[in-house]
Amino acid sequence: MNCIIIDDEATARAIVAQLCTSIPELDVIEEFSNAIDAIKFLNQQTVDLIFLDIHMPGFTGFDFVQTLKDPPKIVLTTSDTNFAIEAYEYEAIVDYLVKPITQERFTKSIQKVKNTIAQQPSETKGEGSASSVGEELYINIDRRLIKLTFDEILLIEAKGDYIDIKTNKETHRVHNTLKKIKEKLPEELFLQIHRSYIINFTKIIDIEDNSVLIEKSVIPISRSNRPELMRRLNLL
């Protein structure tokens, strides 16, 4: 993985660079003391991973993330513990490392990055208010992170600028779009069957005409999505 380091402190950059040498897959191709120079570089080059400090003169790490149209994976490196919740509002941010960073914690972070890259679809993802790791989905509600397992999610319904994520226990309303949340869900479990609905098709109880039954919810199937649902259920 090609990576760059952005931190206004030379010592901090050197420490991260040294940690990277312990991971054979990592190749540090450039270091930057400010976000502006990094943006200019990224306009010409693509990288797989950015190690990013939050507090930098004139341009914070979060400001930097917001300028990127198609951001690579990002690991925050900071001495400030107060922004962990805010960090999870950005899909590109995979992990939050608090200085001083131990080798063990750094190694775990890189493994998380590799897992995330392996799970993502080929389409580039954008900013959202939910992120997925392994078999879990984290949603941000009122600056509070809630962890859901994929298996407990029954269906997701679009509600304007929000989505309702229905589990077997309750329904969570999240500021997000169906398109963005779809990118985080494993295809082996989830399928969009209507412009307003994504379902966990392993939870289907019954299929009748142009609708499916999941628990007590009746969800419509659009004509264009019906063939794929039938294929997934081995009915074609």
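The sections below set out a description of the structure shown in this document. (Residues numbered from 1 in each chain as written. Predicted model: local features only at pLDDT ≥ 70, side-chain atom pairs only at ≥ 80, totals over all residues. Heavy atoms only, no water.)

Description of the pattern of salt bridges
If charged atoms from side chains of opposite charge come close, those side chains can pair.
Then, in step 1: A complete count under the given rule lists 13 salt bridges for this structure.
Then, in step 2: Note that K99 is salt-bridged to D53, the shortest N-O span being 3.8 Å. Of this pair, K99 sits in the loop between β5 (93-98) and α5 (103-119) while D53 sits in the loop between β3 (49-52) and α3 (61-67), and the two are 46 residues apart along the sequence.
Then, in step 3: On the basis of relative accessible area, K99 is assigned to the partly exposed category, the value being 24%.
Then, in step 4: Across the pair R232 and E228 runs a salt bridge whose closest N-O atoms are separated by 2.8 Å. With a gap of four residues between them, R232 and E228 both fall in helix α7 (residues 226-232), about one helical turn apart.
Then, in step 5: The class for R232 is partly exposed, based on a relative accessible area of 22%.
Then, in step 6: One connected set of salt bridges, linked through shared partners, spans D7, D53 and K99. (Salt bridge = Lys/Arg side-chain N within 4 Å of Asp/Glu carboxyl O. Helix = DSSP H or I, 4+ residues; strand = E, 2+ residues; numbered from the N terminus. Buried < 20%, exposed > 50% of the residue type's maximum accessible area, 1.4 Å probe, protein only.)

Points about the environment of S33
Then, in step 1: With respect to the element layout, S33 can be found in the loop between β2 (27-32) and α2 (35-42).
Then, in step 2: Note: C-alpha distance between S33 and D53 (20 residues apart in sequence) is 9.7 Å.
Then, in step 3: If we ignore the near neighbours within four places in the chain, the residues touching S33 are D7, D8 and R13. (Contact = heavy atoms within 4.5 Å.)

A closer look at the sheet that holds strand β10 (residues 162-167)
The pairing of strands in a sheet comes from backbone hydrogen bonds and takes either a parallel or an antiparallel form.
Then, in step 1: One open sheet holds the five strands; their spatial order is β11-β10-β9-β13-β12, and the pairing between them is antiparallel. Taken across any chain shown, the strands that pair with only one partner, and hence form the sheet edges, are β11 (171-175) and β12 (190-194). Ignoring which end each strand starts from, the neighbouring axes of this sheet average 20° apart.
Then, in step 2: Pairing of strand β9 (residues 153-159) with β10, which is carried by six bridges, proceeds in the antiparallel orientation. By the bridge assignment, I153 is partnered in β10 with T167. (Pairing = 2+ DSSP bridges. Axes fitted to C-alpha atoms, helices over the stretch in contact; angles between N-to-C directions.)

Looking at the side chain of D53
Then, in step 1: Note on D53: relative accessible area 6%, which makes it buried.
Then, in step 2: Once residues lying within four places of it in the same chain are set aside, the contact partners of D53 are I6, D7, D8, G61, T77, T78 and K99.

Quick look at α2
Then, in step 1: Among the residues of α2, A35, A38, I39, F41 and L42 are the ones counted as buried. Buried residues of α2, seen end-on, are gathered within an arc of 160° and therefore sit on one face of the element.
Then, in step 2: In this structure, the buried residues of α2 make contact with β1 (2-6), β2, β3 and α3.
Then, in step 3: Looking at where α2 begins, the residue whose side-chain oxygen comes 3.2 Å from the main-chain nitrogen of I36 is N34. (Arc of directions from axis to C-beta. Polar contact = N/O pair within 3.5 Å; in protein donor to acceptor, adjacent residues only side chain to side chain.)

Side note on helix α1 (residues 10-20)
Then, in step 1: Listing the buried residues of α1 in full gives A12, R13, V16, A17, L19 and C20. Along the long axis of α1, the arc covered by the buried residues comes to 160°, so they all point the same way. Looking at α1, the residues exposed on the side facing more than 90 degrees away from the buried face are T11 and Q18.
Then, in step 2: For α1, the secondary structure elements touched by its buried residues are β1, β2, β3, β4 (73-78) and α5.

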